[in-house]
Amino acid sequence: MTTTAESPPDTRSKAPARSAASLVDAVFRAREISIAGALVLLVLGTYIANPRFLSDQGIKDLLLNASILVLLAVGQSAVVLTRNIDLSVGSVVGLSAFACGRFVAGTDHGVLTVTLLGLSIGVVCGLVSGALVSFGKVPALVVTLGMLYIIQGVDYWWAQGDQIGAADVPDQILGLGSGSVLGVPYLPLIALILLAATACFLRSYRSGRELYAIGSSPEAALLAGVPIRRRILAAYAFSGAVAGFAGALWLARFGTVVADNAHGWELTVVSAVVVGGVAITGGTGTVWGAALGALLLTTIGSVLVVLKVDSFWQGAITGALLLLAISVDRIVNLRMTAALRKRSARHGNGA
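Residues numbered from 1 in each chain as written. Predicted model: local features only at pLDDT ≥ 70, side-chain atom pairs only at ≥ 80, totals over all residues. Heavy atoms only, no water.

Novice: So, the overall build of the protein chain: which residues are in play, and what are the values?
Specialist: From N to C terminus, the protein chain includes 13 helices and two strands. Per-residue burial for the protein chain yields a buried fraction of 45% across its 351 residues. Restricting to contacts in the protein chain with at least 6 residues of sequence separation, those with at least 24 account for 79%. For the protein chain, the exposed surface amounts to about 17,600 Å²; the carbon and sulfur share of it is 65%. (Helix = DSSP H or I, 4+ residues; strand = E, 2+ residues; numbered from the N terminus. Buried < 20%, exposed > 50% of the residue type's maximum accessible area, 1.4 Å probe, protein only. Contact = heavy atoms within 4.5 Å. Areas by Shrake-Rupley, 256 points an atom, 1.4 Å probe, with all protein chains shown as cover.)

Novice: Kindly report on the environment of threonine 318, identifying the contributing residues and their values.
Specialist: With respect to the helices and strands, threonine 318 occurs in helix H13 (residues 312-349). Note on threonine 318: relative accessible area 14%, which makes it buried. Setting aside its immediate chain neighbours within four residues, threonine 318 contacts Ser271 and Leu297.

Novice: Can you break down the environment of alanine 166 residue by residue, with the values?
Specialist: Relative to the elements of secondary structure, alanine 166 occurs in the loop between helix H5 (140-159) and helix H6 (171-178). Sequence-distant contacts of alanine 166, that is, excluding residues within four places in its chain, are made with Leu174, Gly255 and Thr256.

Novice: Outline the confidence of the model for the protein chain, listing residues and values.
Specialist: In this model, the protein chain carries an average pLDDT of 84, and 85% of its residues clear a pLDDT of 70 or more. Ignoring residues within four places in sequence, the model shows residues 1-17, a span with pLDDT below 50, making six contacts including any to other chains. (pLDDT = per-residue confidence, 0-100.)

Novice: Can you tell me about the environment of isoleucine 151, naming the residues and giving the values?
Specialist: Assignment of secondary structure puts isoleucine 151 in helix H5. Taking the C-alpha atoms as reference points, isoleucine 151 and cysteine 125, separated by 26 residues in sequence, lie 8.7 Å from one another. Sequence-distant contacts of isoleucine 151, defined by excluding residues within four places in its chain, comprise Ser91, Val92, Leu95 and Cys125.

Novice: Can you explain the packing of aromatic side chains? Please cite residues and give values.
Specialist: A complete count under the given rule lists four aromatic pairs for this structure. Considering the side-chain rings of phenylalanine 201 and tyrosine 205, the 5.9 Å spacing of their centres and the 25 degrees angle between planes classify their relative orientation as stacked. You can call phenylalanine 201 partly exposed: its relative accessible area is 35%. Aromatic side chains tryptophan 250 and tryptophan 265 sit 5.3 Å apart centroid to centroid with 70 degrees between the ring planes, which places their arrangement in the edge-to-face category. Of the two residues, tryptophan 250 is situated in helix H10 (residues 228-254) and tryptophan 265 in helix H11 (residues 265-275); the sequence distance between them amounts to 15 residues. (Phe/Tyr/Trp six-rings, centres within 6.5 Å; stacked < 30°, edge-to-face > 60°.)

Novice: Run through helix H2 (residues 56-80), naming residues and quoting values.
Specialist: When the terminal C-alpha atoms of H2 are compared, their 35 Å separation across 25 residues agrees well with the 36 Å that a helix rising 1.5 Å per residue should span. A bend of about 35 degrees at serine 67 is the largest found in H2. By the criterion of burial, H2 is predominantly enclosed, with 18 of the 25 residues buried. (Expected span 1.5 Å × (residues − 1). Bend = angle between axes of the 7 residues up to and from the residue.)

Novice: Give me the lowdown on H5, citing residues and values where you can.
Specialist: With 20 residues, H5 should reach 28 Å at 1.5 Å per residue; the first-to-last C-alpha distance of 28 Å fits that figure. Of all the residues in H5, the buried ones are Ala140, Val143, Thr144, Met147, Leu148, Ile151, Gln152, Asp155 and Ala159. Looking straight down H5, one finds that the buried residues subtend no more than 160 degrees of arc, so they occupy a single side. Residues of H5 that are exposed and angled more than 90 degrees away from the buried face: Val142, Tyr149, Ile150 and Trp157. Looking at the packing, one finds that the buried side of H5 touches helix H3 (89-104), helix H4 (111-134), H10 and H11. Just beyond H5, the residue with positive phi is glutamine 160, at close to 50 degrees. (Arc of directions from axis to C-beta.)

Here it is in structure tokens:
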């Protein structure tokens, strides 16, 4: 009778993968911590210059101003992770806000109705862009830039210079934008809930992790059996849904809407995502970092107002931060790749 001794499991091949994952996590935790630190220093410096900046109303204004941009950054992150981009989110917000305002003007429609309408508009826009990118193989930059102009044209044609006033919007909807619970406004709470849910999905569910795989290496993801086209389509549908929802919240927040609401926000959203550590080349980053990037950009805008600095500098600072973030990403990626190669070589020599 022959007995076969079972050899112990070879964990050496798994060690480099675990080390690589740990290294990547450490890099992006450091990135998020540095953004949070810069945000704290910015707020404290402004508080020293003007103590009213951190009054109860000042804090509420900061949170409210950041809420919609945080939502859009979360939706954009899902697309950028797949190595794509969505430049139509600002125009979707404008179309959704005006459509929702026109629909509820002079009626008693509630929050659920306006929310579903905004989501529906956003999903349709996202599906069109996603289908052209994923199944039509048209470059994302071309598709979403074209969608931006198409949606803006439809919005201007529909509005004909008209606007929806707060007096025409039901009080229940306006209450969503101005109400609070335990002193915290509804909109930041909504943004936080969506942020946490998206972060959990991307980290804990297979379909969420597959977005990272697509952005890291589409060829490898295809060989691994990832349904790339469906995942990219879903990412665009999600981004569109968030933008449509943000349009409904824009109506609730401001009451008065016109055809060009959120005009020019596309690059601000992309800047927030990239500044927050989501690589424009896809595959790396977190929605928490994107949210911090959005909060940093909106805080800079508020700080410039408090310090009575020309608003021109907000665009200049945003552009500088974007260039800095892309440069940092490039340097970090090169160094991380070199470190992983050295680590893999050491493990290989020790095998």
